[in-house]
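# Inside the fold
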Amino acid sequence: AYSLLPHICLGRTFGPNRKIILHLMDIERAQTALGGVKFELQDCGFDLLVDVITTSDPNVAFKDVDVCVFLGAFPRGPGMERKDLLAKNAGIFKAQGKILDSIASRDVKVVVVGNPANTNAWVTQQCAPSIPPQNFTALTRLDANRAQSQIAMRVGVSPSAVSNATIWGNHSSTQYPDVSFARVNGFRDVYDAVGDKGWLQGDYIKTVQQRGAAIIAARKLSSAMSAAKAISDHLHDWLVGSGGKIVSMAVPSDGSYGVEKGLIYSFPVVCEAGAYQIVQGVPLSDFSKRLMQATEKELSEERTMTKQILFSGSKL
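Reference entry: report on the structure contained in this document.

Parameters and conventions
- Residues numbered from 1 in each chain as written.
- Predicted model: local features only at pLDDT ≥ 70, side-chain atom pairs only at ≥ 80, totals over all residues.
- Heavy atoms only, no water.
- Helix = DSSP H or I, 4+ residues; strand = E, 2+ residues; numbered from the N terminus.
- Rg over C-alpha atoms; globule rule 2.2 N^0.38 Å.
- Buried < 20%, exposed > 50% of the residue type's maximum accessible area, 1.4 Å probe, protein only.
- Areas by Shrake-Rupley, 256 points an atom, 1.4 Å probe, with all protein chains shown as cover.
- Lys, Arg positive; Asp, Glu negative; His and termini not counted.
- Charge placed at Lys NZ, Arg CZ, Asp CG, Glu CD.
- 1 Å grid on protein atoms, 1.4 Å probe; cavity = no way out; pocket = protein on both sides within 12 Å on 5 of 7 lines; lining within 4 Å.
- Points joined across faces, edges and corners; volume = space filled by probe spheres on them.
- Nonpolar A, V, L, I, M, F, W, Y, C, P; charged D, E, K, R; others polar.
- Salt bridge = Lys/Arg side-chain N within 4 Å of Asp/Glu carboxyl O.
- Contact = heavy atoms within 4.5 Å.
- Pairing = 2+ DSSP bridges.
- Right-handed = clockwise from strand over helix to strand, strands pointing away.
- Axes fitted to C-alpha atoms, helices over the stretch in contact; angles between N-to-C directions.
- Parallel < 35°, antiparallel > 145°, perpendicular 65-115°, else oblique.
- Left-handed = near helix turned anticlockwise from the far one by under 90°.
- Core = buried A, V, L, I, M, F, W, Y, C linked by side-chain atoms within 4.5 Å.

Helix and strand counts for the chain come out as twelve helices and 13 strands. Whereas a compact globule of 316 residues would reach a radius of gyration of roughly 20 Å, the chain reaches 19 Å, a difference of no more than 12%. Along the first, second and third principal axes, the C-alpha atoms of the chain reach 55 × 50 × 40 Å. Here the chain holds 316 residues, and 50% of them are scored as buried. Carbon and sulfur atoms make up 53% of the accessible area of the chain, which totals about 14,900 Å². Averaging the coordinates of the 33 positive side-chain charges in the chain and doing the same for the 29 negative ones gives two points 3 Å apart.

See the structure below:
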């Protein structure tokens, strides 16, 4: 959160003319530190920042918000089984979703960052039925930025010279970083530019999939600076527009590419003024289909387990 705030307050996220009222929420024992963050924001003298509200109460934090970023989630501890992690987070995001549904803006845009992000976003969506379902997303832009940068470093160009590097599926180690329709300098096929199919279908994919774990191993902390930039990129392109550029977002599946409807699944999208469209007609090899189906299977299993935990006996 600390790394994200300058992006927002300097106009990089919502545009250079958008005034900002920040609602910052953390647990009760963190309120003194959160007050210090408020002091710092005031001391920066950001022209776009109108007010800062700090609280531990979601009924205060979510009141009338237009954008909601869920940064945290319950972490997986030693010996914790996957179903236990899903259960813990499902309970948290069920409660948050219900509060959003009752007091947030009717068109609030939601991005979930805390893992398991895709399934946490789905739970929040299911518990906020009065908010448009397409307004619930999960962050895979960090993975896409990593994918883009890995190609750029390999070829020896700037990251902005690499386009259409796409993340399919879950924000997890099953995600599929796809460069089959990516380009370098707008025209050159990535497979041709890299010249190493084995790397692109092997170590490249593993590096992107496991980059978060590698950062934790090196820093003893999860991604902060890069995650903040990715959240800012995600929100900017969604709300301001991607300018025709293809970006990656985990959004509710409409059945495109055979992905089960309703899953929060990362697709290539194009954004304009608060709306996104899943890019159609991407050619898929058997290799791509296999990896896309593997990450879809994981998401479907997560959703099934979450339904059993929270929604037994209900239509949800």
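After presenting the structure, the write-up continues.
Moving on: empty space enclosed by the protein. One pass over the structure, following the stated rule, counts two cavities of 30 Å³ or more. Each pocket or cavity is described by its volume, and for the largest cavity that value is around 50 Å³. Around the largest cavity, the lining residues are Asn118, Thr119, Trp122, Gly262, Leu263, Ile264, Leu299 and Arg303. Every element with two or more residues in the lining of the largest cavity is listed here: helix 5 (117–126) and helix 12 (286–310). No other element matches the three residues that helix 5 contributes to the lining of the largest cavity. Looking at the lining of the largest cavity residue by residue, the class counts come to four nonpolar, three polar and one charged. Its boundaries defined by the atoms lining it, the second largest cavity holds a volume of some 30 Å³.

Across all of its chains, the model carries ten salt bridges by this definition. The closest approach of N and O atoms between Asp143 and Arg146, which form a salt bridge, is 3.7 Å. On the criterion of helical spacing, the pair formed by Asp143 and Arg146 is a turn pair, its members being three residues apart in helix 6 (residues 141–155). This pair shows no difference in class: Asp143 is buried, exactly as Arg146 is.

As a further point, take the environment of Val108. Within the secondary structure, Val108 sits in the loop between helix 4 (82–103) and strand 4 (109–112). Once residues lying within four places of it in the same chain are set aside, the contact partners of Val108 are Val65, Asp66, Val67, Cys68, Ile131 and Asn135.

Below, the discussion takes up the pairing of strand 4. Both faces of strand 4 are covered, namely the face carrying Lys109 and Val111 and the face carrying Val110 and Val112. Where strand 3 (residues 67–70) lies against strand 4, four bridges are found, and the strand directions are parallel. Note on strand 4: the bridge partner recorded for Cys68 is Val110. Handedness of the crossover is the feature at issue here: the chain leaves strand 3, passes through helix 4, returns alongside strand 4, and the resulting connection is right-handed. Following the backbone out of strand 4, through helix 5 and into the adjacent parallel strand 5 (residues 136–138), one traces a crossover that is right-handed.

With that settled, the discussion passes to the packing of helix 4 against helix 12. Between two packed helices, what matters for the description is the angle formed by their axes and the separation of those axes. One way to put it is that helix 4 packs onto helix 12 with a least axis distance of 9 Å and a crossing angle of 65°. Judged on the interaxial angle alone, helix 12 and helix 4 are roughly perpendicular. The two elements helix 4 and helix 12 meet at a crossing, and its hand is right-handed. Of the residues in helix 12, those touching helix 4 at Arg82, Lys83, Leu86, Ala87, Ala90, Gly91 and Lys94 are Glu298, Glu301, Glu302, Met305, Thr306, Ile309 and Leu310. Among the residues making up the contact of helix 4 with helix 12, the classes are represented as six nonpolar, two polar and six charged.

Moving on, we come to unusual backbone geometry. Put simply, Asn115 and Pro116 share a cis peptide bond, and its omega is 0°. Inspection of the secondary structure puts Pro116 in the loop between strand 4 and helix 5. Phi at Asn164 is positive, roughly 70°, even though this residue is not glycine. Tracing the chain through its elements places Asn164 in the loop between strand 6 (162–163) and strand 7 (166–168). The backbone of Asn185 shows a phi angle near 55°, a positive value even though the residue is not glycine. One can find Asn185 in the loop between strand 9 (183–184) and strand 10 (188–189).

We now examine the nonpolar core. In this structure, Leu22, Leu41, Ile151 and Tyr204 are the most contacted members of the largest nonpolar core, which totals 62 residues. Per-element accounting of this core gives the leading share, six residues, to helix 11 (residues 225–239). Beyond its immediate chain neighbours, meaning those up to four positions away, Ile151 contacts Val162, Val179, Val190, Val194, Trp199, Leu200 and Tyr204. Core analysis: the next-biggest nonpolar cluster, separate from the first, contains 26 residues, Ile99, Leu100, Ala117 and Ile131 among them.

Estimated volume of the second largest pocket: approximately 350 Å³. Along its surface, the second largest pocket is lined by 17 residues, and Leu142, Arg146, Met225, Ser226 and Lys229 are the ones closest to its centre. Broken down by secondary-structure element, the contributors of at least two residues to the lining of the second largest pocket are helix 6, helix 10 (211–219) and helix 11. Take the lining of the second largest pocket: its biggest share by element is six residues, from helix 6. Along the lines of polarity and charge, the residues of the lining of the second largest pocket split into six nonpolar, seven polar and four charged.

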